[in-house]
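# Reading the structure
Each chain, written out:
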Amino acid sequence: MDLFAVLRAPSQVLFGTGMAEAAGRVAATHGRRVLLITDPVIAGTPGFGIVETALRAEGLDVAVCTDAEVDVPPAAVDAAVALGRETQPDVIVAVGGGSVIDLAKVTALLLAHGGALSDYYAVNSVPGPVLPLIALPTTAGTGSEATPVAVITDAATAMKMGVASSHLIPRHAICDPRLTLGAPTTVTAHSGIDALSHAIEGYMAAAEAPSVDLVLSRPQIGKNGLSDTLALSAAGHIAANLERVVAEGDDLQARAGMLYGSLLAGIAFGNSGVSTAHALQFAVGAATHTSHGLGTGLLLPYVMEFNRPARPDDLAALAIAMESPDGDVVGHVHALGQRIGLPASLAEIGIEREDLPKLAEASIGFRRLIDNNPRPLGTLQLERILDAAWHGEPARLKEEEAVV
Ligand SMILES: [Fe+2]
C-alpha cells in the first residue's frame, strides 16, 4: 500500500510534570481576558489552583465558570456561553476531564459563530476558526485535549450528539500528570481503558482510498501512517501503566505514562476515528447508564476478535506494542479489563439477552462509527458481538468464525 498520512493536532503540545505553570504565559499570547472552565469538583483541587494562579500571575482578567457537568447538558452550555458573552474572552482555558474540555470546545464555537449547537451536528459544518482554547486534561482519558470532537447532550432529544470539526481541536494541549493525581480509582480505570480503546480502534480503523476530497471533507479520515504510529505507541504506554495506576493512584510515573498514552491515542483517533466498540457503547450506555469507559472497555476485546480475520497483521503489531503474553492481544485486553475491575459481561450490568437485537439496531444508527470498522458489519454481526459480550466469552466469536 502507498504511504498515506494526515495529521491535524493542537499547534502546541506541552507534556510533562510542571507544565501546568505554563498556562498563564500561553494564555497571555492570545490577550488579557480569559474564560476558565471547569466543574465544581475540579475547582477545589490543587491542580486547578496551579492553573488559576498561573493565569492570575500574568495579570490576566479571569472569569471562572464551574458549571461543567458529565455529558455536557444544555444548562452547562447556556451558563458557559452566557458568562462568555458577558466577559468577551480572548482565550478559553479548560481544566478537567472530557466533559469539561468538550464544554469548552462548544463554548468556543458558539462565542465565535453564534446559533444553536444543533446547527453544527453535520460533519464539518463549523464555518471557521473558533476562540483559541487551551486544554489541560485531569483524566487519562478521553484525549479530548487533542481531538476535533465534542460530545454533548442534545437540548431537544436528551440524546448524546457529536460536533466534529478540525476547528474544534484545542490550540494548545498542556498535559501535566500532577493534574490527574486526584482522579478516583473507578474513573482512573474506566477512562484508562477507554484511552486503550481509542488507541486500538484508531489503529484498526477502516482504510479509505486516499483522495483530496476524503482528507478535506472529514476531520477523521480512517487508518493512515501517522495515526498508526501514534496509536501503537499509545497502546504500549497504556498497557505498561494501566494496572499500575489503578492499583496505586499516587504513582506519578504511572500517571504520566497513562496521560502520555491517552494524549497519543487522542491524536491518533482524532485523525483516524474510532469504531464499533464506541457505536455499541452508545447504545449500551444509554440503556444501562454505565460509564463510557466501562462500556468501550468491556466491548473492545469482542470487537477485536470479530475483526481478527480482516486484520491479523494489525493484531500482531498491537500484541508486540503491548507485550501481550503469548502474542494474544485479544486475550490480553480482555484479561486486563478484568484485572482493573470491569464487569465480566453485559449480563452483569443488567442487560437481558432479549435486549440484544434492540441494542444492535440502535448501534447501527451510528453510521460514521460503523462505517469505520475494518470488516463490514450489519445488525446480525453486531448481535453476535453483543451475544459473546453478554456471555463474557470472546472465544464465542472465534468458534462462530470456524463454523462460518
Ligand atoms: Fe471513548
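Residues numbered from 1 in each chain as written. Predicted model: local features only at pLDDT ≥ 70, side-chain atom pairs only at ≥ 80, totals over all residues. Heavy atoms only, no water.

Looking up the protein chain in an unreviewed UniProt entry gives the name Iron-containing alcohol dehydrogenase, with the organism given as Solirubrobacter phytolaccae. Regarding the protein chain, the relevant UniProt record gives this comment under Sequence similarities (unreviewed entry): "Belongs to the iron-containing alcohol dehydrogenase family." (UniProt positions renumbered as here; feature names shortened; annotations may be inferred.)

On to the overall build of the protein chain, then. A tally of regular secondary structure across the protein chain gives 16 helices and 8 strands. A globule of 404 residues ought to have a C-alpha radius of gyration of about 22 Å, and the protein chain, at 20 Å, matches this closely. Taking the principal axes of the C-alpha coordinates as reference, the protein chain spans close to 70 × 45 × 45 Å. Within the span of the protein chain, comprising 404 residues, buried residues form 57% of the whole. Within the protein chain, counting contacts between residues at least 6 apart in sequence, those at least 24 apart form 78% of the total. As presented, the protein chain carries roughly 15600 Å² of accessible surface, and 55% of it is formed by carbon and sulfur atoms. Where the 25 positive side-chain charges of the protein chain centre and where its 44 negative ones centre are 4 Å apart. (Helix = DSSP H or I, 4+ residues; strand = E, 2+ residues; numbered from the N terminus. Rg over C-alpha atoms; globule rule 2.2 N^0.38 Å. Buried < 20%, exposed > 50% of the residue type's maximum accessible area, 1.4 Å probe, protein only. Contact = heavy atoms within 4.5 Å. Areas by Shrake-Rupley, 256 points an atom, 1.4 Å probe, with all protein chains shown as cover. Lys, Arg positive; Asp, Glu negative; His and termini not counted. Charge placed at Lys NZ, Arg CZ, Asp CG, Glu CD.)

Looking at the metal site, the iron ion is ligated by Asp194 (OD), Asp194 (OD), His198 (NE2), His278 (NE2) and His292 (NE2), spaced 2.2 to 2.6 Å from it. Here His198 falls in the buried class, since its relative accessible area comes to 4%. (Donors = N, O, S within 2.8 Å, 3.2 Å for Na, K, Ca; no water.)

Summed over all chains, the structure comprises 2 aromatic pairs. Between Phe15 and Tyr260, the aromatic rings sit 5.1 Å apart at their centres with planes inclined by 70°, giving edge-to-face as the arrangement. In this pair, Phe15 is assigned in strand E1 (residues 12-15) and Tyr260 in helix H8 (residues 252-272), connecting sequence segments 245 residues apart. The partly exposed category is assigned to Phe15, whose relative accessible area is 27%. Given a relative accessible area of 32%, Tyr260 falls into the partly exposed group. If you follow Lys223 out to its NZ or CZ, it ends over the ring of Tyr203, 3.8 Å from the centre. For Arg375, the ring lying beneath its charged end belongs to Phe306, and the centroid distance is 4.2 Å. (Phe/Tyr/Trp six-rings, centres within 6.5 Å; stacked < 30°, edge-to-face > 60°. Lys NZ or Arg CZ within 6 Å of the ring centre and 35° of its normal.)

To continue, consider the pattern of salt bridges. Per the stated rule, a full pass over the model turns up 16 salt bridges. Lys223 is paired through a salt bridge with Asp314; the nearest N and O atoms lie 3.3 Å apart. Of this pair, Lys223 sits in the loop between helix H6 (212-217) and helix H7 (225-247) while Asp314 sits in helix H11 (residues 312-321), placing them 91 residues apart in sequence. Taking relative accessible area as the criterion, Lys223 reaches 11% and is therefore assigned buried. With its nearest N and O atoms 3.0 Å apart, the salt bridge here joins Arg311 to Asp314. With respect to class, Arg311 is no different from Asp314; both count as buried. Connected via shared salt-bridge partners are Lys223, Asp228, Arg311 and Asp314. (Salt bridge = Lys/Arg side-chain N within 4 Å of Asp/Glu carboxyl O.)

A word on the UniProt feature "domain: Alcohol dehydrogenase iron-type/glycerol dehydrogenase GldA" (unreviewed entry) in the protein chain. Taking the numbering used here, the UniProt-annotated feature "domain: Alcohol dehydrogenase iron-type/glycerol dehydrogenase GldA" (unreviewed entry) corresponds to residues 10-177. Measuring from the first to the last C-alpha atom of residues 10-177 gives 18 Å, for a span that is 29% helix and 23% strand.

Turning next to the packing of helix H9 (residues 276-288) against helix H10 (residues 292-307). Relative orientation of the contacting elements H9 and H10 amounts to 135°, with a least axis distance of 8 Å. Judged on the interaxial angle alone, H10 and H9 are oblique. The crossing of H9 and H10 is right-handed. Between H9 and H10, the residues in contact are Thr276, Ala277, His278, Leu280, Gln281 and Val284 and His292, Gly295, Thr296, Leu299, Leu300 and Val303, respectively. For the contact of H9 with H10, a count of residues per class yields 6 nonpolar, 6 polar and no charged. (Axes fitted to C-alpha atoms, helices over the stretch in contact; angles between N-to-C directions. Parallel < 35°, antiparallel > 145°, perpendicular 65-115°, else oblique. Left-handed = near helix turned anticlockwise from the far one by under 90°. Nonpolar A, V, L, I, M, F, W, Y, C, P; charged D, E, K, R; others polar.)

What follows is about the packing of helix H5 (residues 185-203) against H8. Two elements in contact, H5 and H8, have axes separated by 8 Å at closest approach and are oriented at 40°. Considering the angle they form, H5 stands oblique to H8. You can see that H5 and H8 cross each other, and the crossing is left-handed. Contacts between H5 and H8 involve Thr188, Gly192, Ala195, His198, Ala199 and Gly202 from the first element and Arg255, Met258, Ser262, Ala265, Phe269 and Ser272 from the second.

With that out of the way, let us pick up the sheet that holds strand E5 (residues 133-137). The strand order E1-E8-E5-E4-E2-E3 describes an open sheet built from 6 strands, whose pairing is parallel. Taken across any chain shown, the strands that pair with only one partner, and hence form the sheet edges, are E1 and strand E3 (61-65). Averaged over neighbouring strand pairs, the angle between their axes works out to 15° when direction is ignored. Where E1 and strand E8 (residues 172-175) come together, 4 bridges link them in parallel fashion. Its bridge partner being in E8, Leu14 is matched across the sheet by Ile174. Contacts between helix H4 (residues 98-113) and the sheet are confined to strand E2 (33-37), strand E4 (91-96) and E5, with E4 contributing the most and set at about 165° to the helix. (Pairing = 2+ DSSP bridges.)

Once that is clear, we can look at the domain arrangement of the protein chain. Taken domain by domain, the protein chain holds domain 1 (12-180) and domain 2 (185-403). For domain 1 versus domain 2, the separation of C-alpha centres amounts to 26 Å. The interface of domain 1 with domain 2 comprises 25 residues on the first partner and 25 residues on the second. Surface buried jointly by domain 1 and domain 2 totals about 2000 Å² across both partners, of which 71% is contributed by carbon and sulfur atoms. Counting across the interface, domain 1 meets domain 2 through 0 salt bridges. For the pair domain 1 and domain 2, the number of links is 6 residue pairs in polar contact (both at pLDDT 80 or more). Taken together, the elements giving at least two residues each to the side of domain 1 that touches domain 2 come down to E1 and strand E7 (160-164). Here the residues of the side of domain 1 that touches domain 2 are counted per class, giving 11 nonpolar, 10 polar and 4 charged. (Domains from an automatic or database assignment. Buried area = accessible area lost by both parts, 1.4 Å probe. Polar contact = N/O pair within 3.5 Å; in protein donor to acceptor, adjacent residues only side chain to side chain.)

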